[in-house]
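# Chains, contacts and geometry: an overview
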Amino acid sequence: MARTGRPRGRPPRAGSDGKGHPIDVHVGQRVRLRRTLLGWSQERLAQALGLNFQQVQKYERGANRIGASRLFDLSRVLDVPVSFFFDDMPGEAAQPPAGGAAETASEYEADPMARRETRGLVDAYWEISEPDVRRRVFELTKALARVE
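An account of the accompanying structure is given in this report. (Residues numbered from 1 in each chain as written. Predicted model: local features only at pLDDT ≥ 70, side-chain atom pairs only at ≥ 80, totals over all residues. Heavy atoms only, no water.)

Moving on, we come to the packing of aromatic side chains. In the structure shown here, the tally under the stated rule is 2 aromatic pairs. Residues F84 and F85 carry aromatic rings whose centres are separated by 5.5 Å and whose planes lie at 80° to one another, so their mutual orientation is edge-to-face. This pair shows no difference in class: F84 is buried, exactly as F85 is. Between Y125 and W126 the ring centres are 5.3 Å apart and the planes differ by 85°, which places this aromatic pair in the edge-to-face class. Above the face of the F84 ring, R30 is positioned so that its terminal group lies 4.1 Å from the ring centre. (Phe/Tyr/Trp six-rings, centres within 6.5 Å; stacked < 30°, edge-to-face > 60°. Buried < 20%, exposed > 50% of the residue type's maximum accessible area, 1.4 Å probe, protein only. Lys NZ or Arg CZ within 6 Å of the ring centre and 35° of its normal.)

Our focus in this paragraph is the packing of helix α1 (residues 22–37) against helix α3 (residues 53–61). One can describe the packing of α1 onto α3 by two numbers: an axis separation of 6 Å at closest approach and a directional angle of 120°. Looking at the two axes, α1 sits oblique to α3. Counted together, D24, V25, G28, Q29, V31, R32 and R35 of α1 and Y59, E60 and R61 of α3 form the full contact between these two elements. Residues belonging to the contact of α1 with α3 are distributed by class as follows: 3 nonpolar, 2 polar and 5 charged. (Axes fitted to C-alpha atoms, helices over the stretch in contact; angles between N-to-C directions. Helix = DSSP H or I, 4+ residues; strand = E, 2+ residues; numbered from the N terminus. Parallel < 35°, antiparallel > 145°, perpendicular 65-115°, else oblique. Contact = heavy atoms within 4.5 Å. Nonpolar A, V, L, I, M, F, W, Y, C, P; charged D, E, K, R; others polar.)

Structure, rendered in structure tokens:
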């Protein structure tokens, strides 16, 4: 039997040419979302998982696939059920990206949770020490969003 250049027993994955599979990208975005909502840095999450922050970066971009045991570890460390990482997955996520890496990267950057401004806002929010004040800031932000 001729070798195909990939390990035996492993099916070829969409995005094996350097582009993240849409499901891997989605799961990575959910990891980033939860980490950001907790006010954690990539370094803090990496330390909790026994990794370096570059690995967390790759997971969040969808460049590296997250295995089942690592996903389980992430759910425990981030205090969410495993299903959280698959919530809100668009139907087209199961399809390989049509436009290549540039399209996948632009979709990633279009995500408001991937923006530096959002991360700064979340960081500032978590610096508010009084839970009641934080809740009021949250309610104010939601009210302002509805006004627009």
